[in-house]
Amino acid sequence: MPPLRPQDTAPADDADGERELLEAAIPLESAGRRFDQVLAELFPDFSRSRLTEWIKAGDALLDGRLVKPKEAVRGGEPVTLSVRIQVETGEALPEDIPLEILFEDEDVLVVNKPAGLVVHPGAGNPRGTLVNALLHHDARLAGLPRAGIVHRLDKDTSGLMAIARSLRAHTSLVEQLSGREVHRQYLAVVQGTMVAGSTVNAPIGRHPTDRVRMAVAKEGGGRDAITHYRVREKFRAHTLVECRLETGRTHQIRVHMAHIRHQIVGDPLYGGSFRQPKAATEALAATLQGFRRQALHAEKLSFRHPATGDTVTTEAAMPEDMQRLVRDLRDDTAAAKK
């Protein structure tokens, strides 16, 4: 796929404000699919509803033509998307919130997000988010979609996130994510003892009755979702697993681990009822009882630098709560062998 290229296309008196033109190409393997579906994958930082509005308004063109959202694509056609970049951060204001920055240059930031920090402002979370923190760190990020954020972590998932600081970087990172070129590796503590690693290849869609949750979709539904996992360390009744995302669906690792009946410890949505191993040490019993978030951490992130082409790789150790959980599991396993 040719690179996405930004261009300033707005006249000086554009009543809608300054516009940016984003360009991409329809992947050949997407032939026969709906234009709006493919567009949402090419530009995942924009909502599906907003992209549909832009298609209808003529701000999203397929091969230079105004088409309907449901029109089938052939594969290989150029796509142009004209957007008003400056409105994407909404009413978010800069806030002096500490950031742990592991990589920074003129094009990219990589931050280690703590558990409990919401990524985007929204209903009930207008302040105190990662976006607010980023706008305080670099005011120029207000000129990029979602303050440069190109992928997300759930509120209570900790770990690494790449942030674009330039439109060149933003479009490149979006392309890399769409092309499955970004290496994203997670650590999770799950229920039960796994025998070996494997791959979960199960499409994910919105839960049919609970709109807050996602679920593995029935045949023919949902979006493709692939998670590779391997055993990092076994305990008496739990496993520390390393998960690598090939796709990036909402709650993907959480849904896939629950699907194979190895729910993530502490997961409030997919973890099921609280379980504690028999004859657990007091320390482990207390830690499990008090672990109120999913034990999931994005530990490694690799991508191609948008300007130099060099590979950027960052790693972040598990936060203290997960380290304590692993220590207590380790001690509990050792005690059971005595």
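Each value, and the rule that gives it
Think of each chain on its own: its residues are numbered from 1, step by step along the sequence as written. Where totals are concerned, whole chains, interfaces and linings use all residues; where local detail is concerned, this predicted model gives features only for residues with pLDDT of at least 70, and gives and counts side-chain atom pairs only at 80 or more. As a convention, hydrogens and water are excluded, and side-chain values are obtained from all of the structure's heavy atoms. To define axes, lines are fitted to C-alpha atoms, for helices over the stretch in contact only, and angles between the resulting N-to-C directions are given on a 0 to 180 degree scale. Here a strand is any run of E in DSSP of at least two residues, a helix any run of H or I of at least four, and the numbering for each starts at the N terminus. Each angle gets one of four labels, with under 35 degrees taken as roughly parallel, over 145 as roughly antiparallel, 65 to 115 as roughly perpendicular, and the rest as oblique. Helix crossings fall into two classes, left-handed where the near helix is turned counterclockwise from the far one by less than a right angle and right-handed where it is turned clockwise. Here a residue-residue contact requires only that any non-hydrogen atoms of the pair lie within 4.5 Å. For this classification, the nonpolar set comprises Ala, Val, Leu, Ile, Met, Phe, Trp, Tyr, Cys and Pro, the charged set comprises Asp, Glu, Lys and Arg, and every other residue, Gly included, is treated as polar. A simple rule labels every residue: compare its accessible area, found with a 1.4 Å probe on the protein chains alone, to the largest value its type can have, and call it buried under 20%, exposed over 50%, or partly exposed in between. In this scheme, a helix's expected span is set at 1.5 Å multiplied by one less than its residue total. By arc we mean the arc of the directions from the helix axis to the C-beta atoms, nothing more.

**Q** What is the right way to look at the packing of helix 1 (residues 35–42) against helix 2 (residues 48–57) in this model?
**A** How two helices pack is summed up by the angle between their axes together with the distance between the axes. Contact pair helix 1 / helix 2: the axes reach a minimum separation of 10 Å and the direction vectors enclose 120 degrees. When the interaxial angle is binned, helix 1 and helix 2 end up oblique. Here helix 1 runs over helix 2; the crossing is right-handed. Along the contact surface, helix 1 presents Phe35, Asp36, Gln37, Leu39 and Ala40, while helix 2 presents Arg48, Leu51, Thr52 and Ile55. Class assignment of the residues belonging to the contact of helix 1 with helix 2 gives a composition of 5 nonpolar, 2 polar and 2 charged.

**Q** What is the right way to read unusual backbone geometry from this model?
**A** Generally, phi is negative for residues other than glycine and the peptide bonds are trans, each holding for most cases. For Ala147, which is not a glycine, the phi torsion comes out positive at approximately 55 degrees. Within the chain, Arg261 stands out as a residue other than glycine whose phi angle is a positive 65 degrees. With respect to the helices, strands and loops of the structure, Arg261 is situated in the loop between helix 5 (252–259) and helix 6 (282–290).

**Q** I would appreciate a short explanation of the environment of Leu66 in the present structure.
**A** Looking at the secondary structure, you find Leu66 in the loop between strand 3 (60–62) and strand 4 (78–83). For Leu66, a relative accessible area of 56% gives the class exposed. If we skip the residues at most four places from it in the chain, Leu66 touches Ile55, Lys56, Gly58 and Leu61.

**Q** Got a minute to help me understand helix 7 (residues 320–337) in this structure?
**A** Each α-helix winds once per 3.6 residues, and so residues spaced three or four apart point in a common direction. Across its 18 residues, helix 7 extends 26 Å between first and last C-alpha, which sits within 8% of the 26 Å expected from 1.5 Å per residue. For helix 7, the full list of buried residues reads Met322, Leu325, Val326, Asp328, Leu329, Asp332 and Thr333. Buried residues of helix 7, seen end-on, are gathered within an arc of 165 degrees and therefore sit on one face of the element. Those residues of helix 7 that are buried are in contact with strand 8 (183–191), strand 12 (226–234), strand 13 (238–245), helix 6 and strand 14 (296–304).

In short, shape yes, function no, at least from these values alone.
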